[in-house]
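Remarks on the overall topology
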Amino acid sequence: MTGLRLHPFTLLAIAGALPALAWILPAPVGGAWTAAVALLLTLTPGASPGLVVLRTALLTATPFWLFLLLLHDVPTTIAIGLRITTMVASFVWLVAALEPPRLVEAMVAAGWSASVAYLLAATLSAVPGLKTRAQRIVEAQRCRGLSPRGGIPARLRALRALALPLILSALHEVDERALALETRGLVPGVRRTPLAPPPDPVLERAARWALLLACLAALVRRLIVASPT
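An account of the accompanying structure is given in this report. In this text, all values refer to a predicted model and were calculated from it rather than measured experimentally.

Some remarks on the packing of helix 1 (residues 8-24) against helix 2 (residues 29-41)
In contact at an axis separation of 8 Å, helix 1 and helix 2 are set at 155° when each is read in the N-to-C sense. Classified by the angle between their axes, helix 1 and helix 2 sit roughly antiparallel to one another. Where helix 1 crosses over helix 2, the handedness of that crossing is left-handed. Of the residues in helix 2, those touching helix 1 at Ile14, Leu18, Leu21 and Ala22 are Gly31, Thr34, Val37, Ala38 and Leu41.

Side note on helix 1
Here helix 1 spans 24 Å end to end across 17 residues, near enough to the 24 Å set by a 1.5 Å rise per residue. In terms of residue burial, helix 1 counts as a mostly covered element, since twelve of its 17 residues are buried. Looking at helix 1, one finds that the buried residues are Pro8, Thr10, Leu11, Ala13, Ile14, Ala15, Ala17, Leu18, Pro19, Leu21, Ala22 and Ile24. Taken together, the buried residues of helix 1 touch helix 2, helix 4 (74-97), helix 5 (100-109) and helix 8 (202-226).

A short note on a nonpolar patch on the surface
There is a patch of nonpolar side chains on the surface, built from Trp209, Leu212, Leu213 and Leu216 and spanning about 440 Å² of accessible area. Along the polypeptide, Trp209 turns up in helix 8. Residue classification places Trp209 among the exposed positions, given a relative accessible area of 58%.

Scoring rules and cut-offs
Residues numbered from 1 in each chain as written. Predicted model: local features only at pLDDT ≥ 70, side-chain atom pairs only at ≥ 80, totals over all residues. Heavy atoms only, no water. Axes fitted to C-alpha atoms, helices over the stretch in contact; angles between N-to-C directions. Helix = DSSP H or I, 4+ residues; strand = E, 2+ residues; numbered from the N terminus. Parallel < 35°, antiparallel > 145°, perpendicular 65-115°, else oblique. Left-handed = near helix turned anticlockwise from the far one by under 90°. Contact = heavy atoms within 4.5 Å. Expected span 1.5 Å × (residues − 1). Buried < 20%, exposed > 50% of the residue type's maximum accessible area, 1.4 Å probe, protein only. Patch = residues over 30% accessible without salt bridge, like charges linked within 9 Å, V, L, I, M, F, W, Y side chains within 5 Å. Areas by Shrake-Rupley, 256 points an atom, 1.4 Å probe, with all protein chains shown as cover. Salt bridge = Lys/Arg side-chain N within 4 Å of Asp/Glu carboxyl O.

Honestly, it's all geometry; don't read function into it.
Here's what the structure looks like:
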């Protein structure tokens, strides 16, 4: 994977600070700025070439906009939609840019439990894994003559044929991973030594503190402005 070689904690800080600022800063200007930054991040070198990450973020955020438009007026839809777009784009970018093995090494080097580190890394890698597995199941079902297109009954049959194998295969993978982790000694209470912890430059650590302070400053300002005089 050729992506941003930032420290995993820096990637997590960016992906967490942008949604936080989107909800703290006044709408719609704050949400517009954070959404623009989050969407620009999807264009940075990552796991997917070209505009794949940006397209995934936009396609994921579009249903939320449509749903909001049915419930609210246009100004409210824009205000909330920009914030949701920031959240979606930040998460999609994080999944594409963050390598789970590097995250595990970084968390273990920082003194975190190896079990907690693996759990977080597995959560981030679950979405691409499930997507790939779902594509394989759909292709297998098509070879058997089941088409996911057509009317509502046909789509429901295709959904049932996809959901059951997907859930069963995911559960089977959980058992396999649990057995593999136990055989490798990954049990609670055992401290492990990272083999190749990613470098954490001082500049990146300072940037993470700056993002935290920026969120806190924006929150304090928001509370001061909202408080009655």
